[in-house]
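# Coordinates in review
Residues per chain, in single letters:
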Amino acid sequence: MSGAALNIVNKYRDVAVLYVDPRGPYPELVEQWYDEARDALRYAGRLPVVAHPPCGPWSGLKHLSRHDDPSHGPYAVAVVQTVGGVLEHPAHSRLFRHCGLPHPGELPDKYGGVTYEVDQCDWGHVARKKTWIYVVGAKSIPTAPSKRKPTHWVSGGHKRVGRKSKSTSAPPGIKICSAQQRRRTPRAFAEFLIAIARSAGWS
């Protein structure tokens, strides 16, 4: 699904998006979207959803995310399992084990949910951004784009984990990715997730 195929005047009405950055692509793509001001916990619809719950409480740096409510993660999982759609979180997010969700390559759960690993760089993100998407009820998943190389580097990247972790410097000619760029969802990736969620609502 390409951006040119979208009718911005008539936004998608058959999918809702939870936990949206109002400066991101979703407000231009869908009618029902919930940001921090419009609390996603108020969503009581039956439309399939795309959910981007706060990832801080479920990362290795959760001590730096004291202002993010960890209850939003399990709530978003429950909504996806109830109405169908897709939940997006960083690869290896602890939310998956906490909620008993399958990891990539594992069998579907009792809701028919399957998890896939993708790299948002392939949809236009400036840096490598490994992401897990948990999908429930989708009848089709669009073909992922071709692999592409990042133009930016995430500061503080590591080659190894644990006590022997070692920071690596950016390769020559690669810019450092800012925190804002790191958080940003590429429009093409948002369209990809919307297409998955819409297929969960088709009869």
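Residue numbering note: each chain is counted from 1, following its sequence as written. Where local features are concerned, this predicted model is filtered to residues with pLDDT of at least 70; where side-chain atom pairs are given and counted, the filter is 80 or more; whole-chain, interface and lining totals use all residues. Computation of side-chain values covers all heavy atoms of the structure but excludes hydrogens and water.

Strands are labelled as partners when DSSP assigns at least two bridges between them. Secondary structure elements follow DSSP: runs of H or I of four or more residues count as helices, runs of E of two or more count as strands, with numbering from the N terminus. Within the open sheet, the 6 strands sit side by side as S2-S1-S3-S4-S6-S5. Their pairing is mixed. Each of the sheet's edge strands pairs with one partner strand only, and the pair in question is strand S2 (30–34) and strand S5 (114–119). Across this sheet, the average inter-strand angle for adjacent strands is 20°, counted without regard to direction. Of the strand pairs in this sheet, strand S3 (residues 49–51) and strand S4 (residues 85–90) are connected by 3 bridges, and their pairing is parallel. The residue bridging alanine 51 from the neighbouring strand is leucine 87, located in S4. Sheet strands touched by helix H1 (residues 72–83): strand S1 (12–18), S3, S4 and strand S6 (130–136). Its angle to S4, the strand with the most contacts, is close to 155°. Residue contacts are defined here by distance: any two heavy atoms, one from each residue, within 4.5 Å place the two residues in contact. Comment: axis = line fitted to C-alpha atoms, over the contacting stretch for helices; angle = value between 0 and 180 degrees taken between N-to-C directions. Contacting S1, S2, S3, S4, S5 and S6, helix H4 (residues 187–201) crosses the sheet at an angle of about 15° to S6.

This paragraph deals with the confidence of the model for the chain. Do not read the predicted coordinates in detail wherever pLDDT is low. Think of pLDDT as the predictor's per-residue confidence, scored from 0 to 100. Mean pLDDT over the chain works out to 82, with 72% of the residues at or above the 70 mark. Here strand S8 (residues 175–177) stands out as the element of the chain with the lowest mean pLDDT, 53, in contrast to S3, whose mean of 98 is the highest. Of the regions scoring below 50 in pLDDT, residues 156–167 engages in 11 contacts with residues more than four places distant in sequence or in other chains.

Further remarks concern H4. Its 15 residues give H4 an end-to-end C-alpha distance of 21 Å, which sits within 8% of 21 Å, the value for a rise of 1.5 Å per residue. Only protein chains enter the calculation, and the probe is 1.4 Å; a residue is then buried if its accessible area is under 20% of its type maximum, exposed if over 50%, and partly exposed in between. With 12 of 15 residues buried, H4 lies mostly within the body of the structure. For H4, the full list of buried residues reads Phe189, Ala190, Glu191, Phe192, Leu193, Ile194, Ala195, Ile196, Ala197, Arg198, Ser199 and Ala200. Where H4 is buried, its residues meet S1, S2, S3, S4, S5 and S6. A helix's residues, less one, multiplied by 1.5 Å, set its expected span.

All right, on to the packing of aromatic side chains then. When the centres of two rings from Phe, Tyr and Trp lie within 6.5 Å, Trp using its six-membered ring, the rings pair. Their planes under 30 degrees apart give stacked, over 60 give edge-to-face, and anything left gives tilted. Under the definition given, this model contains 5 aromatic pairs. Ring geometry for tryptophan 123 and phenylalanine 192: centres 4.8 Å apart, planes at 50°, overall tilted. In this pair, tryptophan 123 sits in the loop between S5 and S6 while phenylalanine 192 sits in helix H4, placing the two residues 69 residues apart along the sequence. Given the relative accessible area of 10%, tryptophan 123 is considered buried. Judged by relative accessible area, which is 7%, phenylalanine 192 ranks as buried. Linked through ring pairs, Trp123, Phe189 and Phe192 together constitute an aromatic cluster. A cation sits over an aromatic face here: arginine 38 above tyrosine 34, 4.2 Å from the ring centre. In this scheme, the term charge over a ring applies when either NZ of a lysine or CZ of an arginine sits within 6 Å of the ring centre and within 35 degrees of the ring normal.

In this structure, Leu18, Tyr43, Val49, Val79, Val80, Leu87 and Tyr134 are the most contacted members of the largest nonpolar core, which totals 23 residues. Elements with a minimum of two residues in this core: S1, S3, H1, helix H2 (94–98) and S6. No other element matches H1, which puts 6 residues into this core. Once residues within four sequence positions are removed from consideration, tyrosine 43 is found in contact with Ala16, Leu18, Gln32, Tyr34, Val49, Tyr75 and Val79. In this description, a nonpolar core means a group of buried Ala, Val, Leu, Ile, Met, Phe, Trp, Tyr and Cys residues linked to one another through side-chain atoms lying within 4.5 Å. The next biggest cluster of nonpolar side chains, apart from the first, holds 20 residues, and it includes Val118, Phe189, Ile194 and Ile196.

All right, on to the pattern of salt bridges then. The salt bridge criterion pairs a side-chain nitrogen of Lys or Arg with a carboxyl oxygen of Asp or Glu, the two atoms within 4 Å. Under the defined criterion, the tally for this structure stands at 7 salt bridges. Where glutamate 28 meets arginine 187, a salt bridge forms, and the shortest distance between an N and an O atom there is 3.1 Å. With glutamate 28 in the loop between S1 and S2 and arginine 187 in helix H4, this residue pair connects regions lying 159 residues apart in the sequence. Relative accessible area serves as the criterion here: at 30%, arginine 187 is assigned to the partly exposed category. Note that glutamate 191 is salt-bridged to arginine 187, the shortest N-O span being 3.2 Å. Of this pair, glutamate 191 and arginine 187 both sit in helix H4, 4 residues apart, roughly one helical turn. When its relative accessible area of 4% is taken as the criterion, glutamate 191 is described as buried. A cluster of three or more residues bridged by salt bridges with shared partners is formed by Glu28, Arg187 and Glu191.

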